[in-house]
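The chain contents come next:
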Amino acid sequence: MQPTQLDLVRGTLDVLILKALVWGPLHGYAITRLIRLRTDEVLLVEEGTLYPALWRLENKELVEAEWGLSENNRRAKYYRLTAEGQRHLRQETKVWTAYSAAVGKMLSATHSPVAESAK
Amino acid sequence: MTRTPIWRRYARLFGADPAADVADEVRFHLDAHVDELVKRGWEPEAARREAEQRFGNVGAVQQTGVRMRQVHARTQAQTDRWEGYLQDLLFAFRTLRRDRSFSIITILVLGLGIAGNTTVFSVVNAMLLRPLPFADPEELAWLASGRRTNPKGTSDLSNSTYTVAAYEEIQRRNQSFRSLTTYNPFLSESDFTLTGRGEPQPMAGVMVAVNFFQTLGVRPARGRLFGAEESGTGGRPAVLLTHDTWRRLFAADPGIIGTGITLGSQTMTVVGVLPKTFDFGAVFAPGLRIDVFVPAPLDQLRDSGNTLALVGRLKPGVSIKQAQAEADILLPAIHAAHQDWWGDYTSTISSLRDHVSGKLRQSLLVLWAAVGLMLLIVGVNLSNLVMARAAARSSEFAMRIALGAGRWRVLRQLLVESLVLSVGGAVVGIGIAYAVTSSLAHQTAITLPLLSQIRIDGAALAWTLLLAAIAAVVLGLAPGLGISTTELQATLKNTGAGPSGAGKRERTLATLVVSQVAMTCVLLIAAGLLLRSFQKVLDVDLGFEPSRAAVMRVEYNDGGSHERRATTLQDILSRITSLPGIETAGIADMLPLGRNRSWGLGAIGTEAKQGDNVTPIVRVVTPGYLGAMGIRLAGGRDFSWRDGPSNEPVVVLNQAAARRLWPGQDPVGRLALLNGNLKTTIIGVVADVRDHSLELAPGPEMYLSAAQTYPDGAELVVRTALPAAVISKSIMTVLRELNPSQPAVALRPIQQIVDQAVSPRRFVMALVASFAGFGLLLASLGVYGVISYAVSRRTREIGLRMALGATAGQVQLSVIGNALRLAAIGVGFGVVGALAAAKGIESLLFATNPTDPVVFGGIVLLLGAVALMAGYLPASRASRVHPVTALRSY
């Protein structure tokens, strides 16, 4: 694994999947492709791990699935966000934004806060 | 929004196959990836390798997938099932609301059926099934002196009780009982008068041994029970209050404990309050409300003869039989050691439960059977209703099956509908049963034991639920069976009016109606026999005239002297008889059908067999009592005030006593020995008075003069044409003038005493009769229903016949004939059933033959008349069929 490719924080994959479905129903392969493109291939998923995550989301009724036909006429299982899934995504997005902002602030600090308060 | 509708359609179409689903999905992913790579110029082989490598462990993912999909499929199926039930339920509500009259009738009929059953179950439960309301009640036993020879069991108290000495000896020497206790069962409505707290209040009190409550395992709600220091002469006077009395007369004041209250002439310390659950009357004295308990002064009772009723708690592991075996040896031994004892205390030991309600077992089982039969009639009636409804809906069912609903799915829908109806019926039923049982539990006019313990408890609710569940299944399946035999196409084509199916249905309906009539016939005949017995009991010659007579308890103070009592009583009676409206008045210490005591009496004289001793019931009375009660004088004279303390002792016998002592002779003027020591002259003979109950022929009775013997209480009997409410006040005024502490007791019509005595019989009779009446209503509706159906189905045929010249009368006759034929078949079966049932209730009948022709004939006629009426309405409708209209509908 190359140093620039980050390991997926556990649970993040769920949010990514939900987000990927915001624009409409997709099958599993399309979801991987979308995540790969949207994250500029930084977040690399071992594609197989996507499926257990999808199924888990389906069991939790955050997404629902139906069989349909793919672009090249193959039978594919399409996933779609449920209302519950949308709500979940909104909430997770908020949490994630706050989290990443906090981490970003810390990492971009230029001098020691201890020294600052000691003045 | 419905959940996963497409998925569901898919799953239904192919069946759930999680493994294939997962494999398909993974294969699609790999194929798609390969396609994309190939498009970008990869070699297919390399592309596939790349795709698989990027995917990771294909096998592991698939395995996880299958497991997860299975879980998902299961929860999904469960959700679907619940949603299905919810749908069924909503649909059932919709259908039932549409068919409002059907639903209401069904729920009402079922509700009444369930109410009857739940009520009777509660009664049976309280009286026979539920343990007595004491600690470990199965250990409690009742000891009755004397071998019980009469299976009905008399309530001759003197002959089933013990002396103080016998009690003490048995207590000391027995090995069977952990604890033996006693109370004085010679109870009356009001033995004590509470004074010093406003108007003097009558209080019913019971004298109990100090270990009475401990033996029963009753703990006080407040304060304590009696202690050893409260027993015997010189013991501190103490009293225990019932919970009800404490609330009613002392405003539930906890401070009353430890303070003194004045009962009669004595001040007693309230030591405690008994728990709310303890109801002495319910167990030991049906119909009586007891207010207070005092320690029995055993020393004072020592010379009073048989005064104690014995209750014991068996040692662990000792059975009633073993206790009886011990008693059979012990009591003769005790008797042998005490030659001076007057009686032989050979005892019959039974469980307390048997003593309390054993005699009722038969009546209660009959009630239970009757109400069960009523439930069957209800069931048949409702089956009829739902089948008729199913017939009307058969095209709906056929349509749904044709559209792909499974038979099970349709059946399930029907079951859910009937479940809704049954739950409705159960709710109505429990509501009614609750009202009935709580009013029964507060009845004092019915002298049944444990009546106050009747309530709807868990067992009764479980019973109701069971009945409702059975009803749901029966009501749901009855029309369901109809569907499975329905031929779909035929039904769809001719909308259910086809001749063959309808004919079969009519036959089924007719069979059900016949069985309904038969069961109703059994119930009616049983009710008729009980009613006739009841009438016979009411027609019994009581020996006294209850009408226009009323009674009030009187309190006076004679200071223990015969002279003073004689003048006091004479004073009271002369004041009372001078009141306007009072025809005559007299006083007795005990009234018939109430408490009683008996003393020994032996004939003296050469003609009589020496030593021929009888123990007649004793009533100590004043002059005027016989007249006020309406007891007929058969010979000799009534008492007069001249039969005083200084004159020769006199006695009046009843005819039974006269026959026993001087068979075939006139006893007036002869001498007899009272209690083995007092020479008395027989001055008169009166009619036999029913003493224990209306149903037992009276035994020997005798009357003594209140001026010569110690009476046990005083009941003032007046004969008046005025209503009790009017006369009561003026009597009370007179009594209060003579004795300011006269308690505020009510003037009770003597008829009330008689009514109470027959109340158990009336209770059973009234219940069976109401069940039978309800059955009759349902059966007549059944006959009406099936005949109406037949008429509506034959409209065309009838029209044709009228067109061909049949008159309206002929049409009517044939329709009514049909109704009568159904009724006749039902009655035929019913009479056979009733003959068997009558044998079963024979022991409950009084002076009525179980094959009483009046009852059987009357019921057959009644059912015939009802069938006639039920047939008449459809018949007159049929005769109004216009031939042209009927024929045009071809």
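Residues numbered from 1 in each chain as written. Chains lettered and ligands numbered in written order. Predicted model: local features only at pLDDT ≥ 70, side-chain atom pairs only at ≥ 80, totals over all residues.

**Student:** I keep staring at the overall build of chain B and nothing clicks. Help me out?
**Tutor:** A tally of helices and strands in chain B yields 27 helices and 24 strands. On C-alpha atoms alone, chain B measures out to a radius of gyration of 39 Å, which is more than a quarter above the 29 Å that the 2.2 N^0.38 rule sets for 890 residues. With the principal axes as the frame, chain B shows a C-alpha extent of 140 × 90 × 55 Å. Burial analysis of chain B (890 residues in total) assigns 44% to the buried set. Long-range pairs, those at least 24 residues apart, make up 82% of the contacts in chain B between residues at least 6 apart in sequence. (Helix = DSSP H or I, 4+ residues; strand = E, 2+ residues; numbered from the N terminus. Rg over C-alpha atoms; globule rule 2.2 N^0.38 Å. Buried ≥ 20, exposed ≤ 12 C-beta atoms within 10 Å, placed from the backbone. Contact = placed C-beta atoms within 7 Å.)

**Student:** Explain helix 24 (residues 795–803) of chain B to me, please; I cannot follow it from the model alone.
**Tutor:** Three- or four-residue spacings in an α-helix give side chains the same orientation, since the helix completes a turn every 3.6 residues. Residue and element names in this part refer to chain B. All of the buried residues along helix 24 are Ile798, Gly799 and Met802. Buried positions in helix 24, seen along its axis, are confined to an arc of 100° and lie on one side of it. Tucked inside the fold, the buried residues of helix 24 contact helix 25 (808–840), helix 26 (853–879) and helix 27 (883–888). (Arc of directions from axis to C-beta.)

**Student:** Explain the pairing of strand 11 (residues 309–314) of chain B to me, please; I cannot follow it from the model alone.
**Tutor:** A regular strand places its side chains so that they alternate between the two faces of the sheet. Residues and elements named next belong to chain B. Counting buried positions over the six residues of strand 11 gives six, a clear majority of the element. Of the two faces of strand 11, the one holding Ala309, Val311 and Arg313 and the one holding Leu310, Gly312 and Leu314 are both buried throughout. Relative to strand 11, strand 1 (residues 140–145) is paired through four bridges, and the arrangement is antiparallel. Counterpart to Ala141 in the pairing with strand 11 is Gly312. (Pairing = 2+ DSSP bridges.)

**Student:** Mind showing me how you'd approach the interface of chain B and chain A here?
**Tutor:** A common way to express how large an interface is: the accessible area buried when the components associate. The interface is formed by 24 residues belonging to chain B together with 23 residues belonging to chain A. Broken down by secondary-structure element, the contributors of at least two residues to the side of chain B that touches chain A are helix 1 (5–14), helix 2 (18–39), helix 3 (44–55) and helix 4 (58–98) of chain B. Looking at the side of chain B that touches chain A residue by residue, the class counts come to 10 nonpolar, eight polar and six charged. (Nonpolar A, V, L, I, M, F, W, Y, C, P; charged D, E, K, R; others polar.)

**Student:** Honestly, the nonpolar core in this entry has me stumped. Any pointers?
**Tutor:** Within soluble globular proteins, side chains that are nonpolar generally end up buried alongside one another. In terms of nonpolar packing, the biggest core is built from 242 residues, with Val239, Val517, Leu523, Ile525, Ala526, Val768 and Val783 of chain B touching the most fellow members. With 20 residues, helix 23 (residues 750–793) of chain B is the single largest residue contributor to this core. With 24 residues, the next largest nonpolar core counts Ala30, Leu50, Leu62 and Tyr79 of chain A among its residues. (Core = buried A, V, L, I, M, F, W, Y, C linked by C-beta atoms within 7 Å.)

**Student:** Could you clarify how one ought to interpret the confidence of the model for chain A in this entry?
**Tutor:** Low pLDDT marks stretches whose predicted atomic positions should not be read closely. Residues and elements named next belong to chain A. Mean pLDDT for chain A: 80, with 82% of residues reaching 70 or above. Here helix 5 (residues 113–118) is the element of chain A with the lowest mean pLDDT, 54, and strand 1 (residues 26–27) is the one with the highest, 91. For residues 1–5, every residue scores under 50 in pLDDT, and the model assigns this stretch three contacts once sequence neighbours within four places are set aside. (pLDDT = per-residue confidence, 0-100.)

**Student:** Is there a simple way to explain the pairing of strand 17 (residues 617–621) of chain B in this structure?
**Tutor:** Residue and element names in this part refer to chain B. Counting buried positions along strand 17 gives five out of five residues, so the element sits mostly inside the fold. Judged by which residues are buried, strand 17 turns out to be covered on both faces: Ile617, Arg619 and Val621 on one side and Val618 and Val620 on the other are all buried. In the sheet, strand 17 pairs with strand 22 (residues 701–705) via five bridges, with the strands oriented parallel. Considered in strand 22, the bridge of Val621 is made with Ser705.

**Student:** What is the right way to read the packing of helix 5 (residues 100–129) of chain B against helix 13 (residues 361–392) of chain B from this model?
**Tutor:** Relative orientation and spacing of two packed helices are given, respectively, by the angle between their axes and the distance between those axes. Residue and element names in this part refer to chain B. Two elements in contact, helix 5 and helix 13, have axes whose closest approach is 10 Å; the angle formed by their N-to-C orientations is 165°. Taken together, helix 5 and helix 13 sit at an angle that is classed as roughly antiparallel. In the packing of helix 5 onto helix 13, the handedness of the crossing is left-handed. (Axes fitted to C-alpha atoms, helices over the stretch in contact; angles between N-to-C directions. Parallel < 35°, antiparallel > 145°, perpendicular 65-115°, else oblique. Left-handed = near helix turned anticlockwise from the far one by under 90°.)

**Student:** I tried to follow unusual backbone geometry on my own but got confused; where do I start?
**Tutor:** Working note: non-glycine residues mostly have negative phi, and peptide bonds are mostly trans. All names here are of chain B. Even without a glycine there, the phi angle at Ala251 is positive, about 50°. The phi dihedral of Leu450 falls on the positive side, at around 65°, and the residue is not glycine. As for its placement among the helices and strands, Leu450 is situated in the loop between helix 15 (407–441) and helix 16 (458–485). Here Leu450 falls in the buried class, since 24 other C-beta atoms lie within 10 Å of it.

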